[in-house]
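Analysis of the macromolecular model
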Amino acid sequence: PRSTLFPYTTLFRSAVTQLSEAVPLDPDFASAHANLAAALAGQGKLDEAIPHFLIATQLQPDNPEAHFNLGLAYLNNREPEKAAAAFSEELRLSPNEPKGHYRLAEALRAQNKLPEAVFQYRETLRLTPQFPQAKKELDEILAAHSQLH
């Protein structure tokens with residue numbers, strides 16, 4: 001049987017082809033860079049996606065979604081320091097975004113900055129009390145490090 005990802009793989013390949021042709025037509029069009037980056041990331045090509053996510057944040061520095069997407073790419077590329085910086089910028093622009101706090105907590109935890117991660121998990125839960133993954137990860141840290149309560 002075919003993989004359930006097959007239709008998405010084909011879709012991403014098609015999108016990358018079309019967007020790769022579109023970006024040079026208007027290199028200052030942030031959405032084209034963001035969409036190309038998303039399609040590349042969907043193919044697992046994070047090293048190719050990240051420069052386009054960066055361009056999108058440079059072209060639209062006040063767009064919190066651009067910084068969030070850049071942070072996700074860095075996090076998935078195992079670059080937690082850069083991810084934390086991108087999520088921090090997203091939260092500067094949109095401080096009440098629970099997913100931003102959650103992803104920042106993940107990036108901080110990956111750097112073993114546990115007190116800061118605990119704070120961000122708590123912020124996530126303050127904003128969205130029904131966020132089971134944030135609760136689970138916070139509980140894991142607190143169980144392993146009783147001094148952080």
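Residues numbered from 1 in each chain as written. Predicted model: local features only at pLDDT ≥ 70, side-chain atom pairs only at ≥ 80, totals over all residues. Heavy atoms only, no water.

**Description of the side chain of E106**
You can see E106 is positioned in helix α6 (residues 98-110). With relative accessibility at 18%, the residue E106 sits in the buried group. In this structure E106 touches L75, Y121 and E137, once residues within four positions along its chain are discounted. (Helix = DSSP H or I, 4+ residues; strand = E, 2+ residues; numbered from the N terminus. Buried < 20%, exposed > 50% of the residue type's maximum accessible area, 1.4 Å probe, protein only. Contact = heavy atoms within 4.5 Å.)

**Side note on the packing of α6 against helix α7 (residues 114-127)**
For the pair α6 and α7, the least separation of the axes is 8 Å and the interaxial angle reads 160°. Considering their axes alone, α6 and α7 lie roughly antiparallel with respect to each other. The crossing of α6 and α7 is left-handed. On α7, the residues that touch P98, H101, Y102, L104, A105, E106, L108 and R109 of α6 are L114, E116, A117, Q120, Y121, E123, T124 and L127. Classifying every residue of the contact of α6 with α7 gives 9 nonpolar, 3 polar and 4 charged. (Axes fitted to C-alpha atoms, helices over the stretch in contact; angles between N-to-C directions. Parallel < 35°, antiparallel > 145°, perpendicular 65-115°, else oblique. Left-handed = near helix turned anticlockwise from the far one by under 90°. Nonpolar A, V, L, I, M, F, W, Y, C, P; charged D, E, K, R; others polar.)

**Quick look at α6**
For α6, spanning 13 residues, the distance from its first C-alpha to its last is 18 Å, which sits close to the expected 18 Å at 1.5 Å a residue. Residues of α6 that are buried: P98, G100, H101, Y102, L104, A105, E106, A107 and L108. Turning to α6, the residues buried within the fold contact α4 (64-76), α5 (80-93), α7 and α8 (132-144). Just downstream of α6 lies N112, where phi reads positive at about 65°. (Expected span 1.5 Å × (residues − 1).)

**Quick word on the nonpolar core**
When a protein is soluble and globular, its nonpolar side chains tend to lie buried together. In this structure, F87, Y121 and I141 are the most contacted members of the largest nonpolar core, which totals 33 residues. Those residues in contact with F87 that lie beyond four places of it in its chain are F68, G71, L72, L75, G100, R103, L104 and A107. (Core = buried A, V, L, I, M, F, W, Y, C linked by side-chain atoms within 4.5 Å.)

**Description of the packing of aromatic side chains**
A complete count under the given rule lists 3 aromatic pairs for this structure. Centroid distance Y102 to F131: 4.9 Å. Interplanar angle 35°. Geometry classified as tilted. Taken together, the positions of Y102 in helix α6 and F131 in the loop between α7 and α8 put the pair 29 residues apart, joining distant regions of the chain. For F131, a relative accessible area of 16% gives the class buried. (Phe/Tyr/Trp six-rings, centres within 6.5 Å; stacked < 30°, edge-to-face > 60°.)

**A short note on the side chain of H52**
Inspection of the secondary structure assignment puts H52 in helix α3 (residues 46-59). Non-local contacts of H52, meaning those with residues more than four positions away in its chain, are made with H33, L36, A37 and L40.

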